[in-house]
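Take a look at the letters that make up each chain.
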Amino acid sequence: MKYMVLFVVSFFIAEVAFAQKDSVQHIPRLEIKKKKNVSLNRGDSSVTYLIDTLIMHDRAQLEFYGKKNITLKVKHAILSKRAYISGTDGKNNGSNMDITMRFDELGTLYVLAGGRDANNGSRTFPNGNGGKVVFNYLADGITPQQQDKNAAHYLKVDTKAGGYSVNSRSDLYNIYSRIGGGGRPLGQLPQGQVYSGSPGIDGKSDIKEVNGF
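First, a word on what this report is: a plain description of the structure on this page. In this text, all values refer to a predicted model and were calculated from it rather than measured experimentally.

1. A word on unusual backbone geometry
Where the residue is not glycine, phi is negative for most of them; where a peptide bond is considered, it is trans in most cases.
Consideration 1: In this structure, lysine 35 takes a positive phi of about 65 degrees despite not being glycine.
Consideration 2: Take lysine 35: it is sitting in the loop between strand 1 (24–32) and strand 2 (37–40).

2. A look at the pattern of salt bridges
Consideration 1: A complete count under the given rule lists 6 salt bridges for this structure.
Consideration 2: When the shortest N-O distance is used, the salt bridge between glutamate 31 and arginine 29 registers 3.1 Å.
Consideration 3: Look at glutamate 31 and you get partly exposed, because its relative accessible area is 29%.
Consideration 4: On the basis of relative accessibility, which here comes to 52%, the residue arginine 29 falls in the exposed class.
Consideration 5: Overlapping salt bridges bring together Arg29, Glu31 and Lys33 as one network.

3. Remarks on the nonpolar core
Consideration 1: One finds Leu72, Met101 and Leu109 to be the most contacted residues of the largest nonpolar core, which totals 32 residues.
Consideration 2: Contributing elements (two or more residues each) for this core: strand 1, strand 3 (46–56), strand 4 (60–65), strand 5 (69–88), strand 6 (96–112), strand 7 (132–138) and strand 8 (154–158).
Consideration 3: Among all residues touching leucine 109, those that are not within four sequence positions of it are Leu79, Ala83, Tyr84, Ile85, Met101, Phe103, Phe135, Tyr154, Leu155 and Lys156.
Consideration 4: In this structure, Tyr84, Leu112, Tyr154 and Ile175 belong to the second largest nonpolar core, which totals 6 residues.

Calculation rules
- Residues numbered from 1 in each chain as written.
- Predicted model: local features only at pLDDT ≥ 70, side-chain atom pairs only at ≥ 80, totals over all residues.
- Heavy atoms only, no water.
- Helix = DSSP H or I, 4+ residues; strand = E, 2+ residues; numbered from the N terminus.
- Salt bridge = Lys/Arg side-chain N within 4 Å of Asp/Glu carboxyl O.
- Buried < 20%, exposed > 50% of the residue type's maximum accessible area, 1.4 Å probe, protein only.
- Core = buried A, V, L, I, M, F, W, Y, C linked by side-chain atoms within 4.5 Å.
- Contact = heavy atoms within 4.5 Å.

Honestly, it's all geometry; don't read function into it.
Below, the structure is given as structure tokens:
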């Protein structure tokens, strides 16, 4: 009986370790062409992606759909113009993101972890909460700036809740409106949306320099 219990416990630990290993995905090279979208929606709701080289052309989008917690580590990021990284749990809430990235090239990067707006036309979830984002950039790469969106090396992290008026979202509203759940590329604005209900809860963000992964 004692050995049977030990075997069951050992098997359980092995299963947990295997599941955790499965949630870590290594991608040697990922290139997203101009105006194209790559949606990473497989696996658990909490995932870790290790990308050796990430190349995103102008207005390329990397979307995490159905993910509550995302850890993203990029050894070499080549983002020459505008690029978008977005995350949602699929229920209008922004994903929690822990991103560590070395910028080899940086034009503009938007990290979108804001809550999505409820839509009365097909409403299934309320206005979403913003996610919590920690963005670490490597000291031996390009240092991003957050003051001038028209200048080079601009980094914007959005964690605002869904449900605010269109005007308060300003330039980000159009971006969110073009991002579809589960992989719709940046395209035409959806028509006839009517939002209602109280806004969600704003998230938080922290951007800092680090010396290594």
